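A look at the structure
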Amino acid sequence: MRIAVLVKEVPDSYGERRLNLTTGLADRQASDKVLDEITSRAVEAAVSHAESAEGVEVALVTMGPESAEATLRKTLAMGADSAHHVLDPELSGADMTLSAEVLAAVLQRIGCDLVISGDVSSDGTGGVIPTMIAERMGAAHATSLDTLAITDSTVTGQRESYGGTLTVEAQLPAVVSVTERLPDARFPGFKGIMAAKKKPLETYTLADLGIDPAADVPRSIMLSVTESPARTAGEKINDEGDAGKKLAEYLTEKKLV
Amino acid sequence: MAEQKILTYLPVLPSGELMGSAAELLGAAAQLGTPVGVIVTTPGVSQAAAESAGELGAATVYVAEHEAVGTTLTEPTVNVFTTAWESVSPEAVLVPNDIDGRDLAARLSVRTHSAIAADVVGVHRDEEGIVAHHSVYGSTFTTESATTHGTLIVTLREGAVDHRGQAVTPEIHRVELGELSPHAASITEFSASAEASTRPDLRGAPTVVSGGRGLGSAEGFALAEQLADALGAGLGASRAAVDAGYAPHSLQVGQTGVTVAPDLYIALGISGAVQHLAGMQTAKTVVAINKDPEAPIFDIADMGIVGDVFEVVPQLIETLKGQNS
């Protein structure tokens, strides 16, 4: 069985992140580029299953700029078998419709039984791409799973729903996404890093996948981008035994209590 | 020109009671045109939900009841929603930005060839159509988006819209469930959550009290609960407090948790990692209490107190009680 993991390189959310105020695109110089933390949990889920079962292969799939190749190599070091990178200048600023079309196309090209993704990326915060891919591939979806169990023919897990927790089960092929309640990722060892250098990493263009980014379909477009004014520090006092009283005064004066 | 229809997914509890997000979804729909609701339930519980939807502003409600709602994931809702879509030709579709809402939006987007605006915090109309507002990178930037043409599908961030619709007596249409796609996951079990807390929902509460690692233990976290209850506030927690097991994951405020924008945010023993700030920095007033004078939370706090939360907070609660009596 082949498991594909959707990999996303993002600006590091532990540091400053910026948008370019002219283009509205991510300012790639402003931040360190890292593997999205939730992606690393998806990779961990796939790799740990591959270690515990016979004949399971893990393929990493991403679309992104050239820098994503380094992120793919680092992620291969966690124990995946191959990587697949859609790289095309026409993908700059792609909306979710185009992103899902591209990812579904490359997944269908490489062939897979199960797709695992993070539930919501830390930069786009959309959380819709996995199910959009499932719809395009004619597969079931089981998203935002807090637990995950994989067999040769099914995938099961629990997810939050209105008023309680659901246990869901999908027949493969299926697309699942996982939450940060799944185990944290392993730290790749020296052996993994050396092995990753020799693993296959294939690059695709939109033409390779037969996708026309200028097709006349509805697209989401950005109309404006504004930087929010930065917050500044206000009053700061040291507690000298009466700070609770002073805070009560402050809140009362500002009519906040 | 006839009023444009805004088709709105209204999620319900298994009992048939509408989820809290219904009010803001119908409120946002009312800002754009005529709100039309869609309610999909298991048999026997939809009538009350449909009437409540009218009270929240739904002029028309499409209602379907079916056993499959309890056994098949997402697909029954997509099916009914598609029927309603064909009847009303909506200008926009609004769904909650929660797990079920996102799945519905994703399936509909591909099936109907429509663009999605995700994690939207507000909407308005200009001369060219509907504009969605986004809050990006932990509210550091604000952007606006639109679709080039066709119906816009919006996933609306919970707690972000204050506008409310006006009560009407809704026209109720019963819809039959069509044939379901075989590519759907099964629901094999449902376990109801323990009785919900009586505190206001974190997402929409005007005041939020959050506790961090500085509270030291699950027992220490009770201090945040006491202050929240004294103020009638929603309760939150930093990721560090959640990871340490002081508070459940559902309370996590920050990049990977809930984003809040209350009038007053009180941070107890929270250092203020960038990922936490991403979830609360649009609060109108921020108060921070922390014993570390160098804690980054003080850089964004309107009122910062360097001190021991276990001394300052009990005195605050006592003083406020005294004022109220």
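In this text, all values refer to a predicted model and were calculated from it rather than measured experimentally.

1. With respect to the overall build of chain A
- Across its full length, chain A holds seven helices and 14 strands.
- With respect to the principal axes defined by its C-alpha atoms, chain A has extents near 65 × 40 × 40 Å.
- Residue burial in chain A is summarised as follows: out of 257 residues, 47% are buried.

2. Quick notes on the overall build of chain B
- A tally of helices and strands in chain B yields eight helices and 15 strands.
- A compact globule built from 325 residues should have a C-alpha radius of gyration of about 20 Å, and chain B, at 22 Å, falls within 12% of that.
- A principal-axis box enclosing the C-alpha atoms of chain B has dimensions of 60 × 45 × 40 Å.
- Relative to its 325 residues, chain B shows a buried fraction of 58%.
- Expressed as a percentage of contacts within chain B between residues at least 6 apart in sequence, the contacts between residues at least 24 apart total 67%.

3. Some details on the interface of chain A and chain B
- Each partner contributes to the interface: chain A provides 70 residues, whereas chain B provides 81 residues.
- Among the elements that take part in the side of chain A that touches chain B, strand E13 (residues 220-227) of chain A stands out by supplying eight residues, more than any other.
- Classifying every residue of the side of chain A that touches chain B gives 27 nonpolar, 26 polar and 17 charged.
- In terms of strand pairing, strand E10 (residues 164-171) of chain A meets strand E10 (residues 186-192) of chain B through six bridges, oriented antiparallel.

4. Some remarks on the UniProt feature "domain: Electron transfer flavoprotein alpha/beta-subunit N-terminal" (unreviewed entry) in chain B
- UniProt tags residues 8-189 of chain B as "domain: Electron transfer flavoprotein alpha/beta-subunit N-terminal" (unreviewed entry).
- Along residues 8-189 of chain B the backbone is 27% helical and 34% strand, and the end-to-end C-alpha distance reaches 27 Å.

5. A few points about the domain arrangement of chain B
Residue and element names in this part refer to chain B.
- Entries for chain B in the domain assignment read domain 1 (5-174) and domain 2 (207-324).
- On a C-alpha basis, the centres of domain 1 and domain 2 stand 33 Å from each other.
- Each side of the interface is counted separately: domain 1 has four residues, and domain 2 has eight residues.

6. Overview of the environment of Gln275(B)
- Turning to its location among the elements, Gln275(B) is positioned in helix H7 (residues 274-277).
- Given 20 C-beta atoms within a 10 Å radius, Gln275(B) is considered buried.
- Between the C-alpha atoms of Gln275(B) and Tyr137(B), which are 138 residues apart in sequence, the distance is 9.7 Å.
- Excluding its chain neighbours within four sequence positions, the residues that come into contact with Gln275(B) are Ser13(A), Tyr14(A), Arg239(B), Gly254(B) and Gln255(B).

7. A short note on the packing of helix H4 (residues 129-137) of chain A against helix H4 (residues 99-112) of chain B
- The geometry of H4(A) relative to H4(B) is characterised by a closest axis approach of 8 Å and an angle of 40° between their N-to-C directions. Here H4(A) is positioned oblique relative to H4(B), judged by the angle of their axes. At the point where H4(A) passes H4(B), the crossing takes the right-handed sense. Contacts between H4(A) and H4(B) pair Thr131(A), Met132(A), Glu135(A) and Arg136(A) from the former with Arg102(B), Asp103(B), Ala106(B), Arg107(B), Ser109(B), Val110(B) and Arg111(B) from the latter.

8. With respect to the environment of Ile39(B)
- By the element assignment, Ile39(B) lies in strand E2 (residues 34-41).
- Between the alpha carbons of Ile39(B) and Phe190(B) there is a distance of 20 Å; along the sequence they are 151 residues apart.

9. Concerning the nonpolar core
- In terms of nonpolar packing, the biggest core is built from 127 residues, with Val5(A), Leu103(A), Ile133(A), Ala53(B) and Val154(B) touching the most fellow members.
- In this structure, Tyr250(A), Ala233(B), Ala278(B) and Val286(B) belong to the second largest nonpolar core, which totals 55 residues.

10. Examining the UniProt feature "domain: Electron transfer flavoprotein alpha/beta-subunit N-terminal" (unreviewed entry) in chain A
- Those residues carrying the UniProt feature "domain: Electron transfer flavoprotein alpha/beta-subunit N-terminal" (unreviewed entry) are residues 23-213 of chain A in this numbering.
- Measuring from the first to the last C-alpha atom of residues 23-213 of chain A gives 18 Å, for a span that is 31% helix and 28% strand.

11. A word on unusual backbone geometry
- Following Leu172(A), the chain continues to Pro173(A) via a peptide bond in cis, the omega torsion being 5°.
- Looking at the secondary structure, you find Pro173(A) in the loop between E10 and strand E11 (174-178).
- Within the chain, Ser144(A) stands out as a residue other than glycine whose phi angle is a positive 50°.
- Topologically, Ser144(A) is positioned in strand E7 (residues 140-145).
- On the basis of neighbour count, Ser144(A) is assigned to the buried category, with 24 C-beta atoms found within 10 Å.
- Even without glycine at this site, His113(B) takes up a positive phi of about 55°.

The rules behind these values
- Every chain begins its residue count from 1, and numbering advances along the sequence as written.
- By the order in which they are written, chains take letters starting at A while ligands take numbers starting at 1.
- At least 70 in pLDDT is required for a residue's local features to be given in this predicted model, at least 80 for side-chain atom pairs to be given and counted, and no such filter applies to totals for whole chains, interfaces and linings, which use all residues.
- The way it works is that DSSP assigns letters per residue, a run of H or I at least four long becomes a helix, a run of E at least two long becomes a strand, and they are numbered from the N terminus.
- Exposure classes come from backbone-placed C-beta atoms, where a residue is buried if 20 or more other C-beta atoms lie within 10 Å of its own, exposed if 12 or fewer do, and partly exposed in between.
- With the radius of gyration taken over C-alpha atoms, the globule rule is written as 2.2 Å times the number of residues to the power 0.38.
- Here, residues touch in the contact sense if the C-beta positions derived from the backbone fall within 7 Å of one another.
- Here the nonpolar group is Ala, Val, Leu, Ile, Met, Phe, Trp, Tyr, Cys and Pro; Asp, Glu, Lys and Arg are the charged ones; every other residue, Gly included, is treated as polar.
- Should DSSP find at least two bridges between two strands, the strands are taken to pair.
- UniProt positions are given in the numbering used here, feature names are shortened, and annotations may be inferred rather than shown by experiment.
- In this document the domain limits rely on a domain assignment from an automatic tool or a database.
- Whenever a helix is involved, its axis is fitted only over the stretch in contact; in every case the axis is a line through C-alpha atoms, and angles between N-to-C directions fall within 0 to 180 degrees.
- Roughly parallel covers angles under 35 degrees, roughly antiparallel covers those over 145, roughly perpendicular covers 65 to 115, and oblique covers all other angles.
- Working rule for handedness: look at the near helix, and if it is turned counterclockwise from the far one by less than a right angle, call the crossing left-handed; if clockwise, right-handed.
- The nonpolar core criterion groups buried Ala, Val, Leu, Ile, Met, Phe, Trp, Tyr and Cys residues into a set whenever they are joined through C-beta atoms within 7 Å.

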